[in-house]
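Report on the structure
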Amino acid sequence: MVDPSFHSFASALRDRLAEPLPGPDAHLKMAARSRLRMAMQPNERTRRSAVLIVFYPYQNSIFLPLILRPQYDGVHAGQMAFPGGRMERTDESLIRTALREAQEEVGIRVTDVKVLGKLTEIYIPPSNFYVQPVVGILPYRPDFYPDPREVEHVVEVSLDELMDESIIGENGIEIKGTLIDAPFYQIQGFKVWGATAMMISELLTVIHSVPK
């Protein structure tokens, strides 16, 4: 049986996501300084993608999964992220994209996911993607089956840990020999920065504004 407090959290979050979102103001709190100086804008080659932020009850708390991308020849190699990827022609919506990618990457049973709403789309200049964060819930802790081609490790994070401001830091992060000045969340030994940190910032801003 699911804890009633989880249902209350999900219901309140769904209602809040239907209201105006904090968007760029929340994103900027965790934006890399190099990003602020970057002039690149969306163009005709910009592609659409989506990620799934999915909450579930576990150990009398609320958790969500992050993934560690494996090392590969790409701009997001070795980074922490939410499960997700590019929109395919067969996807009828970005919500479908987020669910399909989560199933493919970590084995989440998408038929059990209840979508609560969406956060603000965010543009990622290095890969020229617009990313739609989709927020949902599962009524149970899922079994994860990571695709080794896409996911090196699944990190389960409690909402309490995510809301602890002591995990926020800022210093140089070395990416492929380049030092980037960026704020980050230090989560279980991993630095979560960039677009994922910006999404988390908006997510937490939304959660903090949910009526108690």
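What counts, and where the lines are drawn
- Residues numbered from 1 in each chain as written.
- Predicted model: local features only at pLDDT ≥ 70, side-chain atom pairs only at ≥ 80, totals over all residues.
- Heavy atoms only, no water.
- Helix = DSSP H or I, 4+ residues; strand = E, 2+ residues; numbered from the N terminus.
- Areas by Shrake-Rupley, 256 points an atom, 1.4 Å probe, with all protein chains shown as cover.
- Salt bridge = Lys/Arg side-chain N within 4 Å of Asp/Glu carboxyl O.
- Buried < 20%, exposed > 50% of the residue type's maximum accessible area, 1.4 Å probe, protein only.
- Core = buried A, V, L, I, M, F, W, Y, C linked by side-chain atoms within 4.5 Å.
- Contact = heavy atoms within 4.5 Å.
- Pairing = 2+ DSSP bridges.

Our next topic: the overall build of the protein. For the protein, the helix and strand inventory stands at 6 helices and 11 strands. Roughly 10,900 Å² of accessible area belongs to the protein as shown, and the carbon and sulfur atoms make up 51% of that amount.

A few words on the pattern of salt bridges. Taken as a whole and judged by the stated rule, the model has 11 salt bridges. A salt bridge links E121 to R48; the shortest N-O distance between them is 2.9 Å. With E121 in the loop between β5 (114-118) and β6 (122-124) and R48 in strand β1 (residues 47-58), this residue pair connects regions lying 73 residues apart in the sequence. With relative accessibility at 26%, the residue E121 sits in the partly exposed group. Its relative accessible area of 37% is what places R48 among the partly exposed residues. Linking E101 and R100 is a salt bridge whose minimum nitrogen-to-oxygen distance equals 3.2 Å. Grouping residues by exposure puts E101 and R100 together as buried. Residues participating in the shared-partner salt-bridge network are D91, R100, E101 and E104.

It is worth spelling out the nonpolar core at this point. Grouped together as the largest cluster of nonpolar side chains are 41 residues, with contacts concentrated most on L13, F55, L64, Y185 and I187. The element contributing the most residues to this core is helix α6 (residues 194-208), with 9 residues. Excluding anything up to four places from it in sequence, L13 contacts F55, L116, V135, V206, I207 and V210. If you look at the next biggest cluster of nonpolar residues, it comprises 20 residues, including Y56, L99, I108 and V110.

Bringing the pairing of strand β8 (residues 153-158) into the picture now. Counting buried positions along β8 gives 5 out of 6 residues, so the element sits mostly inside the fold. Pairing between strand β2 (residues 61-68) and β8: 6 bridges, direction antiparallel. Across the sheet, residue L68 finds its bridge partner in β8, namely H153.

What follows is about the environment of L94. Counting through the fold element by element, L94 comes out in helix α4 (residues 94-106). Setting aside its immediate chain neighbours within four residues, L94 contacts R48, S49, A50, M87, E121, Q132 and V134.

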